[in-house]
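Take a look at the letters that make up each chain.
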Amino acid sequence: MTDGPRQDGTRGATVEDVVLNANTAFYNAFEAGDLDLMAAVWLPEPDPVCIHPGNAAISGYAEMMRAWAMIFANTPYIQFFLTDVQVRVDEDVAYVTCTENVLSSGEGAPEDGFAGGKALATNVFRRTSSGWRLWIHHASPVLSSGGRQEEAE
């Protein structure tokens with residue numbers, strides 16, 4: 001499905017491409033540690049939800065922005081390598097699933113070093129008059145690899 005001319009300059013891009021660009025904007029804001037960029041990605045209403053690996057859900061735009069400010073203040077470096085990216089669009093709602101392969105420094109990382117991790121994420125977007133905005137982010141940690149399930153396959 002291809003859209004005609006769009007206000008966001010994505011003429012000829014598929015709706016899936018536009019949603020994937022919104023997904024990329026989320027991870028770019030996260031990597032940059034930029035609260036203004038992060039605020040621009042999220043849908044303020046109805047109550048957005050963010051669940052980081054191993055943490056409770058954060059509901060509501062103001063609460064979430066406070067949480068992002070704390071994350072950015074305590075994360076000197078983070079980089080995402082996304083794999084297994086899938087997108088689904090259903091009218092005004094879309095979701096992206098992916099594996100977040102994360103490299104970071106700061107809390108939990110060895111002194112003067114980096115820590116790596118992996119999470120499975122679902123990012124749900126809603127179409128608005130200003131484009132696709134993130135409504136729900138849920139990332140679940142991948143606790144181990146090479147388990148019996150993988151060995152059997």
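Residues numbered from 1 in each chain as written. Predicted model: local features only at pLDDT ≥ 70, side-chain atom pairs only at ≥ 80, totals over all residues. Heavy atoms only, no water.

Caption draft 1: Quick peek at the overall build of the protein chain. Per the secondary structure count, the protein chain includes 4 helices and 6 strands. Start at the N end of the protein chain and walk to the C end: the helices and strands fall as α-α-β-β-α-β-β-β-β-α. When burial is assessed residue by residue, the protein chain has 34% of its 153 residues classed as buried. Carbon and sulfur atoms provide 51% of the accessible area of the protein chain, an area that totals close to 9,100 Å². (Helix = DSSP H or I, 4+ residues; strand = E, 2+ residues; numbered from the N terminus. Buried < 20%, exposed > 50% of the residue type's maximum accessible area, 1.4 Å probe, protein only. Areas by Shrake-Rupley, 256 points an atom, 1.4 Å probe, with all protein chains shown as cover.)

Caption draft 2: Seen up close, the pattern of salt bridges. Taken as a whole and judged by the stated rule, the model has 2 salt bridges. As a salt-bridge pair, Glu63 and Arg66 come within 2.4 Å of each other at their nearest N and O atoms. Here the residue Glu63 and the residue Arg66 both occupy positions in helix H3 (residues 61–73), the gap between them amounting to 3 residues, near one helical turn. For Glu63, a relative accessible area of 44% translates into the label partly exposed. Note on Arg66: relative accessible area 47%, which makes it partly exposed. Here Arg127 and Asp92 are joined by a salt bridge, their closest N and O atoms 3.0 Å apart. Of this pair, Arg127 sits in strand S5 (residues 115–128) while Asp92 is found in the loop between strand S3 (77–90) and strand S4 (93–105), placing the two residues 35 residues apart along the sequence. The exposure class assigned to Asp92 is partly exposed, which follows from its relative accessible area of 44%. (Salt bridge = Lys/Arg side-chain N within 4 Å of Asp/Glu carboxyl O.)

Caption draft 3: Geometry of the sheet that holds S3. Strand order in the open sheet formed by 6 strands is S2-S1-S6-S5-S4-S3, with mixed pairing between adjacent strands. The two strands at the open ends of the sheet, each matched to only one other strand, are strand S2 (58–59) and S3. Across 12 bridges, S3 lies against S4 in antiparallel orientation. Across the sheet, residue Phe80 finds its bridge partner in S4, namely Val102. Lying on the sheet, helix H1 (residues 15–32) is in contact with S3, S4, S5 and strand S6 (131–141); it crosses S3 at an angle near 160 degrees. (Pairing = 2+ DSSP bridges. Contact = heavy atoms within 4.5 Å. Axes fitted to C-alpha atoms, helices over the stretch in contact; angles between N-to-C directions.)

Caption draft 4: Quick peek at H3. In this model H3 runs 18 Å from its N-terminal to its C-terminal C-alpha over 13 residues, within 8% of the 18 Å that 1.5 Å per residue would give. Taken together, the buried positions of H3 are occupied by Met64, Met65, Ala67, Trp68 and Phe72. Across the axial projection of H3, the buried residues extend over an arc of 160 degrees, all falling on one side. Those residues of H3 that are exposed and angled more than 90 degrees off the buried face are Met70 and Ala73. Among the structural elements, H1, helix H2 (35–41), strand S1 (49–51) and S2 are those in contact with the buried residues of H3. (Expected span 1.5 Å × (residues − 1). Arc of directions from axis to C-beta.)

Caption draft 5: Molecular detail of the nonpolar core. Core analysis: the biggest nonpolar cluster contains 31 residues, and Phe26, Phe30, Met38, Trp42, Trp68 and Trp132 have the highest contact counts within it. Of all the secondary-structure elements, those providing two or more residues to this core are H1, H2, H3, S3, S4, S5 and S6. When residues in this core are grouped by element, the largest group, 8 residues, is from H1. Once you skip the residues sitting within four places of it in the chain, Trp68 turns out to touch Phe26, Phe30, Leu35, Met38, Trp42, Cys50 and His52. (Core = buried A, V, L, I, M, F, W, Y, C linked by side-chain atoms within 4.5 Å.)

Caption draft 6: Expanded view of the packing of H1 against H3. The geometry of H1 relative to H3 is characterised by a closest axis approach of 9 Å and an angle of 50 degrees between their N-to-C directions. Taken together, the axis directions place H1 and H3 in an arrangement best described as oblique. Residues Phe26, Ala29 and Phe30 of H1 lie in contact with H3, whose contacting residues are Trp68, Ile71 and Phe72. Across the contact of H1 with H3, the residue classes tally to 6 nonpolar, no polar and no charged. (Parallel < 35°, antiparallel > 145°, perpendicular 65-115°, else oblique. Nonpolar A, V, L, I, M, F, W, Y, C, P; charged D, E, K, R; others polar.)

All we've got here are geometric facts, nothing functional implied.
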